[in-house]
Amino acid sequence: MSRAAAPEFTKRRIRNLTITLASTVLLLTVFYSQNQSLGHASFTSGYLLYGTLLFLTLLNLRKRLSFLPAIGSAKFWMQVHIYVGLATFAIFASHVGWRIPNGKLEVFLAALYLIVAFSGVYGLYATRVYPKRLTRIGTEVIFERIPQLRNQLALHARQLVIETCESSDVLAKFYTSRLCYFFEQQPALAYLVHPSSRTRKKLIHEMEDLDRYLGTDQRQVREKLTQMVHQKDDLDYHQALQGRLKIWLFVHIGLTYSLLLVGLLHGILAHAFSGGPS
């Protein structure tokens, strides 16, 4: 973001937060007034919460209808999605009476909502931070092509080492003992959870130590292998961060629809056992 655009961005964020906070306070005041007058604030907040969740699902529909600019830009819908989503925390808390719900269905529904809500917060963080981290690598990689690119890189490294075996077996032995597994295997679960450059740095340091045993031509091959180690590590990093984004989106959207179904059941039962709002 440019320095010129930063003040406008800050101004817009403050405005949106102010509108969201004012609207939320107004809604909470309405719920409180209904409770004080022995009304059915739980039904009002429940209807509003369910309707809000339905509205939030429209963002996914908007992405599918990108050819219709008249319904607003995707950026606008995302901003609305974020601030309306934040407001649901207060609506939910008011709906459950600012306490831990009773009953198995209510507890399950509350847990489902909280998972969806906090996964949305995580998604807000991830979609802002992860793309910037990947951009700093300097290479763009399509997630679905990562296995193919990894296999090509492993094959190239193997061929390069085989060609070098005729003049020196130092690189061949190092490749067999240290690099073969690194190039041919997918990143471990621990790496996907917490990506680290520790393995890459260690391998490169060990390869540089081999230079004392290598001639000029072999050192050039070693430098190429070093570049390949960087490329493999970059692919693993892309897989870790892009994979998180894809898993997050799958979980967030999937659980949202589950929340709507369970919420509908909860509403039907609430009406059946209470007679509905008067």
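Residues numbered from 1 in each chain as written. Predicted model: local features only at pLDDT ≥ 70, side-chain atom pairs only at ≥ 80, totals over all residues. Heavy atoms only, no water.

A. Molecular detail of unusual backbone geometry. Not every positive phi belongs to a glycine, and Trp98 is a case in point at roughly 55 degrees. Assignment of secondary structure puts Trp98 in the loop between helix H4 (74-95) and helix H5 (104-137). (Helix = DSSP H or I, 4+ residues; strand = E, 2+ residues; numbered from the N terminus.)

B. A look at a nonpolar patch on the surface. Together, Leu17, Leu86, Leu114, Phe118 and Val121 make up a nonpolar patch on the protein surface, roughly 410 Å² of accessible area in all. If you tally residues by element for the nonpolar patch, the top one is H5, at three residues. Mapped onto the elements of the fold, Leu114 is located in helix H5. (Patch = residues over 30% accessible without salt bridge, like charges linked within 9 Å, V, L, I, M, F, W, Y side chains within 5 Å. Areas by Shrake-Rupley, 256 points an atom, 1.4 Å probe, with all protein chains shown as cover. Salt bridge = Lys/Arg side-chain N within 4 Å of Asp/Glu carboxyl O.)

C. Structural detail: helix H6 (residues 146-164). Helix length check: H6 (19 residues) gives 27 Å between terminal C-alpha atoms against 27 Å at 1.5 Å per residue, within 8%. What H6 keeps buried is the set Ile146, Arg150, Leu153, Ala154, Ala157, Leu160, Val161 and Thr164. One side of H6 holds all its buried residues, which, seen down the axis, span an arc of 130 degrees. Summarising the geometry of H6, the exposed residues directed more than 90 degrees from the buried face are Asn151, Ile162 and Glu163. Tucked into the core, H6 has its buried residues touching helix H7 (170-184) and helix H10 (216-274). (Expected span 1.5 Å × (residues − 1). Buried < 20%, exposed > 50% of the residue type's maximum accessible area, 1.4 Å probe, protein only. Arc of directions from axis to C-beta. Contact = heavy atoms within 4.5 Å.)

D. Structural detail: the side chain of Arg222. Relative to the helices and strands, Arg222 resides in helix H10. Contact partners of Arg222, with chain neighbours within four places excluded, come to Leu171, Met207, Glu208, Asp211 and Leu214.

E. Up close: the packing of H7 against helix H9 (residues 198-209). Where H7 meets H9, the closest approach of the two axes is 12 Å, and the angle between their N-to-C directions is 155 degrees. One finds that H7 runs roughly antiparallel with respect to H9. In the packing of H7 onto H9, the handedness of the crossing is left-handed. Here Phe174, Arg178, Leu179 and Phe182 of H7 lie close against H9, whose contacting residues are Thr199, Lys202, Leu203, Glu206 and Met207. Its residues placed into classes, the contact of H7 with H9 shows five nonpolar, one polar and three charged. (Axes fitted to C-alpha atoms, helices over the stretch in contact; angles between N-to-C directions. Parallel < 35°, antiparallel > 145°, perpendicular 65-115°, else oblique. Left-handed = near helix turned anticlockwise from the far one by under 90°. Nonpolar A, V, L, I, M, F, W, Y, C, P; charged D, E, K, R; others polar.)

F. Structural context of the nonpolar core. Leu179, Phe183, Leu225, Met228 and Val229 are the most contacted members of the largest nonpolar core, which has 24 residues in total. Looking at this core, the elements with two or more residues in it are H6, H7, H9 and H10. Top contributing element to this core by residue count: H7, with seven residues. If we skip the residues at most four places from it in the chain, Phe183 touches Arg150, Leu153, Ala154, Ala157, Tyr175, Leu225, Met228, Val229 and Lys232. Grouped together as the second largest cluster of nonpolar side chains are 17 residues, Phe31, Leu49, Ala110 and Leu259 included. (Core = buried A, V, L, I, M, F, W, Y, C linked by side-chain atoms within 4.5 Å.)

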